[in-house]
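A look at the structure
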Amino acid sequence: MSKLVIANFKMNGSKDFIESWIKDFLAEQESANSIIVALPSPYLQTFSDRDLTLSGQNVSNEDSGAFTSQLSAGMLKDCGAKYCLIGHSEARHFLMETNEIIKQKFDQLKKESLQPILCIGEPLKIKEASKTTDYLTKQLDLIDSDQENLIIAYEPIWTIGTGLVPEIKEIQLAIDSIRCKFHKPIKVLYGGSVNSSNVIRISDKTDIDGLLIGGASLNPKEFAKIAQLC
Ligand code: PGA
């Protein structure tokens, strides 16, 4: 089955960088998987006419109004995004986003028919205390268990940008605990230090529906290789 392979550029790149990234990526890209690119918001509109599915990296929990610096779901949609990340650990940390706020963001995206990609994951302390399942369950508590078409990205915080990857059985255990919260089939992605050397092991030995890739996605050839191998 086709997987979802998402590049998360975070706050990296420039107009020129993205222009040449797209050229190099499309020249290499042979994967049958679905590719999504989460660009920094100012570039969504600029590259909305390319042969790529675009995602935002965050969205406001509000419709409109006096929320200087924020972007609404409607604005992201106008700029060509079809998907949007929410709950990324960097947004939870630096913007102090709570599960309640993230649920409001989820609802805003749904209202505009954008597909949320809800990121969850445990910090190292929680993993070391063997409390990962409870922690993930709490992060999902506000999402209706009958929700259709859910996409959840499981990203252990301690693996993001560190080169560390959990044991395969730890990934599968987390994925099982996420799936069993919901009554409908959902897509669960894995993210955290994925690269072309570890992607086969992660995707062949678990039942993940795709990958969320940060650092390694900035190299278009590497990202194309990951998309091909997963
Ligand atoms: P990483 O980031 O691949 O650089 O670990 C993943 C993410 O933050 O989505």
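Everything numeric in this text was worked out from a predicted model, so none of it was measured.

1. Topic: the site of the ligand
Close to the ligand lie 13 residues; Lys10, His88, Glu155, Gly161 and Ser193 are nearest. Separating an oxygen atom of the ligand from a side-chain N or O atom of Lys10 is a distance of 2.7 Å. In the environment of the ligand, an oxygen atom lies 2.8 Å from a nitrogen or oxygen atom belonging to the backbone of Gly215. Split into classes, the residues belonging to the shell around the ligand amount to 3 nonpolar, 8 polar and 2 charged.

2. Describing the packing of helix H1 (residues 15–28) against helix H9 (residues 220–229)
Two elements in contact, H1 and H9, have axes whose closest approach is 8 Å; the angle formed by their N-to-C orientations is 35°. The interaxial crossing formed by H1 with H9 has right-handed handedness. From H1, Trp21, Asp24, Phe25 and Glu28 reach across to H9, where they touch Pro220, Lys221, Phe223 and Ala224. Residues of the contact of H1 with H9, tallied by class, amount to 5 nonpolar, no polar and 3 charged.

3. Side note on the pairing of strand S4 (residues 81–86)
Counted residue by residue, S4 has 5 buried out of 6 residues, so it is predominantly covered. Considered for its hand, the β-α-β crossover made up of strand S3 (residues 53–56), helix H2 (residues 73–78) and S4 is right-handed. As paired elements, S4 and strand S5 (residues 115–120) share 4 bridges and run parallel to each other. Looking at the pairing, Tyr83 lines up with Gln115 of S5.

4. Observations regarding the sheet that holds strand S6 (residues 151–154)
Adjacent strands of a sheet form backbone hydrogen bonds with each other and so pair up, either parallel or antiparallel. Within the closed barrel, the 8 strands sit side by side as S1-S2-S3-S4-S5-S6-S7-S8. Their pairing is parallel. With direction set aside, neighbouring strand axes in the sheet form an average angle of 25°. Lying on the sheet, H9 is in contact with strand S1 (4–8), strand S2 (34–38) and strand S8 (210–213); it crosses S1 at an angle near 160°.

5. Describing the pattern of salt bridges
Throughout the structure, instances matching the rule amount to 12 salt bridges. With its nearest N and O atoms 3.8 Å apart, the salt bridge here joins Glu112 to Lys77. Here Glu112, found in the loop between helix H4 (99–111) and S5, pairs with Lys77, found in helix H2; they are 35 residues apart in sequence, far enough to count as distant. Given the relative accessible area of 38%, Lys77 is considered partly exposed.

6. Description of the environment of Pro166
Position of Pro166 relative to the elements: it lies in the loop between S6 and helix H7 (168–179). Separated by 27 residues in sequence, Pro166 and Ser193 have C-alpha atoms that sit 9.8 Å apart. Contact partners of Pro166, with chain neighbours within four places excluded, come to Pro156, Trp158, Thr159, Ile171 and Tyr190.

About the cut-offs
Residues numbered from 1 in each chain as written. Predicted model: local features only at pLDDT ≥ 70, side-chain atom pairs only at ≥ 80, totals over all residues. Heavy atoms only, no water. Near = heavy atom within 4 Å. Polar contact = N/O pair within 3.5 Å; in protein donor to acceptor, adjacent residues only side chain to side chain. Nonpolar A, V, L, I, M, F, W, Y, C, P; charged D, E, K, R; others polar. Axes fitted to C-alpha atoms, helices over the stretch in contact; angles between N-to-C directions. Helix = DSSP H or I, 4+ residues; strand = E, 2+ residues; numbered from the N terminus. Left-handed = near helix turned anticlockwise from the far one by under 90°. Contact = heavy atoms within 4.5 Å. Buried < 20%, exposed > 50% of the residue type's maximum accessible area, 1.4 Å probe, protein only. Right-handed = clockwise from strand over helix to strand, strands pointing away. Pairing = 2+ DSSP bridges. Salt bridge = Lys/Arg side-chain N within 4 Å of Asp/Glu carboxyl O.

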